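# Analysis of the macromolecular model
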2 protein chains.
Amino acid sequence: MTPPVHLSLAGQAVDVLRDLVLNGEIPPGTRVNEVELAARLGISRGPLREAIRHLASEQLLVLVPHRGAHVPTATAADVAALFELRTALECAAAELAAARRTDADVARLSAVCAESRRTHHSGERFPHHLDLAFHRALLDAARSPHIAEQVRLVQQRVVLLRSGLADDPPHQRASLDDHDALVTAVAAGDAEQATAVMRKHLARVRAQMLTALRP
Amino acid sequence: MTPPVHLSLAGQAVDVLRDLVLNGEIPPGTRVNEVELAARLGISRGPLREAIRHLASEQLLVLVPHRGAHVPTATAADVAALFELRTALECAAAELAAARRTDADVARLSAVCAESRRTHHSGERFPHHLDLAFHRALLDAARSPHIAEQVRLVQQRVVLLRSGLADDPPHQRASLDDHDALVTAVAAGDAEQATAVMRKHLARVRAQMLTALRP
DNA sequence: GGGTTGTTAACTGTCGACAGTTGGCAGCGG
DNA sequence: CCGCTGCCAACTGTCGACAGTTAACAACCC
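Residues numbered from 1 in each chain as written. Chains lettered and ligands numbered in written order. Predicted model: local features only at pLDDT ≥ 70, side-chain atom pairs only at ≥ 80, totals over all residues. Heavy atoms only, no water.

### Focus on the overall build of chain A
Our working definition: Think of it this way: any DSSP run of H or I at least four residues long counts as a helix, any run of E at least two long counts as a strand, and we number them from the N terminus. Throughout, the radius of gyration refers to the C-alpha atoms, and the reference size of a globule is 2.2 Å times the residue count to the power 0.38. Classification of residues uses two cut-offs on accessible area relative to the type maximum, computed with a 1.4 Å probe and protein chains only: under 20% is buried, over 50% is exposed, and between them is partly exposed. Every residue pair with non-hydrogen atoms within 4.5 Å of one another is taken to be in contact. Residue-level accessible areas treat just the shown protein chains as cover; the underlying method is Shrake-Rupley with a 1.4 Å probe. A positive count includes Lys and Arg, and a negative count includes Asp and Glu. His and the chain ends are not counted in either. Here the site of a charge means atom NZ of a Lys, CZ of an Arg, CG of an Asp or CD of a Glu.
Counting its secondary structure elements, chain A contains 9 helices and 3 strands. From first element to last, N terminus to C terminus, chain A shows the α and β order α-β-α-α-β-β-α-α-α-α-α-α. For 215 residues, the compact-globule estimate of 2.2 N^0.38 gives 17 Å, and chain A sits close to it at 19 Å. Overall, the C-alpha framework of chain A stretches about 55 × 40 × 35 Å when taken along its three principal axes. Expressed as a percentage of the 215 residues in chain A, the buried residues total 47%. Restricting the contact set of chain A to residue pairs at least 6 apart, pairs at least 24 apart contribute 74%. When the accessible surface of chain A is summed, it comes to about 10500 Å², and 55% of that surface belongs to carbon and sulfur atoms. The distance from the centre of the 25 positive side-chain charges to the centre of the 25 negative ones in chain A is 4 Å.

Dropping the structure here:
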């Protein structure tokens with residue numbers, strides 16, 4: 001029932017370290033000490049090093065020769081460049097989803113949208129995990145494992161960049177509308193419309209992140 | 001002059017191992033023995049393991065717990081799924097290139113095309129490295145480092161899958177025409193046309209690889 | 001006093017060795 | 001003759017220790 005059930009210490013360390021980075025317990029800019037972290041995780045430096053390199057390949061850590069690893073800090077240029085990649089990938093996913101979706105896919109997407117609106121209306125907070133769930137459901141509908149994997153990696157980076165950034169209720173409401181429009185386009189099998197909506201949606205998210213990054 | 005100038009043994013091992021895999025010196029399906037390869041490279045197992053994990057993150061190797069790493073074998077389904085990702089990335093690159101290209105970019109692209117035609121006419125072989133050079137020049141014109149990096153990884157996998165596959169002169173000529181059409185569209189700044197040509201080009205390459213994979 | 005150089009401590013990069021697991025092979029029983 | 005069980009070799013996973021490098025601090029010279 002737990003998908004990431006790694007037997008090796010290195011595999012476990014990857015998951016633990018990933019959570020530490022994404023949850024902000026190792027804030028951006030912090031250097032990672034191998035011996036200290038190895039002791040904290042109760043493992044040796046060998047597996048930990050493999051885990052660090054793995055996270056670096058996911059770009060959740062930055063390696064500097066002879067100076068160890070540190071969590072990257074958010075840059076405006078980084079956000080812009082990253083969203084170019086995200087747009088390319090998720091627009092393609094939206095296009096494929098519109099062409100391949102089943103009724104079950106549409107039902108799942110609608111369910112996530114409904115759940116999002118409910119929590120937004122009641123608690124007035126749009127939890128990010130529901131946003132991620134929506135984009136993941138769209139990826140499932142696209143049925144393209146390689147694209148899905150790459151989107152997962154990019155979204156991880158977005159989560160890291162977004163950590164510590166303020167929320168913006170009007171933006172969240174607009175995102176909900178975008179999601180609804182996406183479901184409509186996908187349900188109708190309108191690939192062109194789906195990509196157009198996705199492009200607009202990501203442009204909005206990108207703009208919100210850039211403005212939240214300024215002060 | 002040599003960009004990948006790694007100081008660490010692990011970094012060097014990554015480059016050596018990558019060449020070994022891409023040049024077919026470790027054929028697909030072959031298992032990699034850590035102690036043997038470490039001795040062959042004159043290094044210890046530690047750095048080699050890090051190199052192996054790195055190549056696995058680039059999907060040039062497949063890791064099986066307690067059974068080591070092996071070079072993946074080409075599957076038709078794999079080619080299809082991979083080209084979905086490649087299409088998404090390179091179409092976006094073509095679109096950005098059309099919007100951002102400079103005269104120098106166009107000159108470089110034209111030069112690569114001319115060189116390709118010359119070798120094709122004289123030696124009747126269309127060297128793959130010129131094909132790669134063209135796509136790389138297009139990426140430079142797109143000026144999107146993240147997309148460029150991902151395309152580089154995908155193209156590596158394509159090279160691996162294509163290793164051992166027969167060439168097809170008519171297909172090569174069509175590819176040359178595609179490249180010329182791409183240069184024209186990019187030079188004209190016609191993003192829509194550039195993505196359309198790229199999509200068609202990649203569909204052709206994908207079809208050629210799938211037919212060459214059948215027997 | 002500012003800049004430079006020598007020193008030192010901390011950390012990464014690397015190595016060799018040990019332990020645990022896997023797959024194959026031989027021997028045994030049916 | 002076929003299937004099963006127990007052993008064995010080979011390999012991976014992990015650990016602790018050593019060597020090389022970096023950066024900061026302190027002493028020294030100008």
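### Concerning the interface of chain A and chain B
What counts, and what does not: Two parts placed together each lose some accessible area under a 1.4 Å probe, and the buried area is that loss summed for both. Basic side-chain nitrogens of Lys or Arg form a salt bridge, by our definition, when they fall within 4 Å of a carboxyl oxygen of Asp or Glu. Only Asp, Glu, Lys and Arg are considered charged in this grouping, and only Ala, Val, Leu, Ile, Met, Phe, Trp, Tyr, Cys and Pro are considered nonpolar; every other residue, Gly among them, is considered polar.
With 24 residues of chain A at the interface, the matching set in chain B holds 24 residues. Contact between chain A and chain B buries roughly 2000 Å² in total, counting both sides, with carbon and sulfur atoms accounting for 54%. It is Glu50(A), Glu84(A) and His146(A) that lose the most area in chain A upon contact with chain B, and together they represent 32% of the buried surface on that side. Of the charged contacts in the structure, one is a salt bridge between Arg49(A) and Glu50(B), with a shortest N-O distance of 2.9 Å. For the side of chain A that touches chain B, the secondary structure elements donating two or more residues are helix H3 (45–57), helix H4 (76–100) and helix H7 (145–162) of chain A. Here the element with the most residues in the side of chain A that touches chain B is H4(A); it accounts for 11 residues. Tallied by class, the residues present in the side of chain A that touches chain B amount to 9 nonpolar, 5 polar and 10 charged.

### Re the relation of the copies chain A and chain B
To keep things clear, this is the line we draw: C-alpha atoms of residues with pLDDT of at least 70 in both copies form the basis for the least-squares superposition of the copies.
Superposing chain A onto chain B takes a rotation of 180° combined with a translation of 0.0 Å along the rotation axis, leaving an RMSD of 0.1 Å. As the rotation angle and translation indicate, the two copies are arranged about a two-fold axis. Interface overlap between copies: 100% of the residues of chain A at the interface are likewise at the interface in chain B, consistent with a symmetric, same-surface contact.

### Thoughts on the sheet that holds strand S2 (residues 62–64) of chain B
Residues and elements named next belong to chain B. Short version of the rule: Strands qualify as paired when DSSP identifies two bridges or more between them.
Judged by pairing direction, the sheet is antiparallel, and its 3 strands sit side by side in the order S1-S3-S2 without closing on themselves. Every interior strand has two partners, whereas the edge strands, strand S1 (31–32) and S2, have only one. As defined by bridge partners, S1 adjoins strand S3 (residues 68–70) across 2 bridges and the pair is classed as antiparallel. Pairing of Val-32 across the sheet is with Ala-69, part of S3.

### So, a negative patch on the surface
Heads up, the condition is: Patch criteria: residues need more than 30% relative accessible area and no salt bridge. Like-charged residues are merged within 9 Å; nonpolar side chains of Val, Leu, Ile, Met, Phe, Trp and Tyr are merged within 5 Å.
Taken together, the side chains of Asp190(A), Glu192(A), Asp190(B) and Glu192(B) make up a negatively charged region of the molecular surface. When you line up the elements, Asp190(B) lands in the loop between helix H8 (169–188) and helix H9 (191–213).

### Considerations on the protein's contact with DNA strand C
Let me state the cut-off plainly: Whether a residue is near a molecule or strand is decided by its heavy atoms; if any one of them lies within 4 Å of it, the residue is near. Distance and chemistry together define a polar contact, namely a pair of N or O atoms within 3.5 Å, with one atom able to donate a hydrogen and the other to accept it when in protein, and with adjacent residues in sequence counting only for side-chain atoms on both sides.
Around DNA strand C, a shell composed of 17 residues is seen, among which Arg45(A), Arg49(A), Arg53(A), Leu9(B) and Ser44(B) lie nearest. The sugar-phosphate share of atoms of DNA strand C within 4 Å of the protein amounts to 74%. In this structure, Arg53(A) approaches DNA strand C through a side-chain N or O atom, which is 2.9 Å from a phosphate oxygen. The contact in question runs from a phosphate oxygen of DNA strand C to an N or O atom on the backbone of His66(A), over 3.4 Å. When residues of the surface near DNA strand C are traced back to their parent elements, those giving at least two are H3 of chain A together with helix H1 (9–22) and helix H3 (45–57) of chain B. The leading source of residues in the surface near DNA strand C is H3(A), at 3 residues. Here the surface near DNA strand C is built from residues that sort into 5 nonpolar, 6 polar and 6 charged.

### With respect to the sheet that holds strand S1 (residues 31–32) of chain A
As a general point, the strands of a sheet are linked pairwise by backbone hydrogen bonds and lie either parallel or antiparallel. Residues and elements named next belong to chain A. Read across the open sheet, the 3 strands follow the order S1-S3-S2; overall the sheet is antiparallel. Only two strands of the sheet have a single neighbouring strand rather than two, namely S1 and strand S2 (62–64). Of the strand pairs in this sheet, S2 and strand S3 (residues 68–70) are connected by 3 bridges, and their pairing is antiparallel. Looking across to S3, one finds that Val-64 is bridged to Gly-68.

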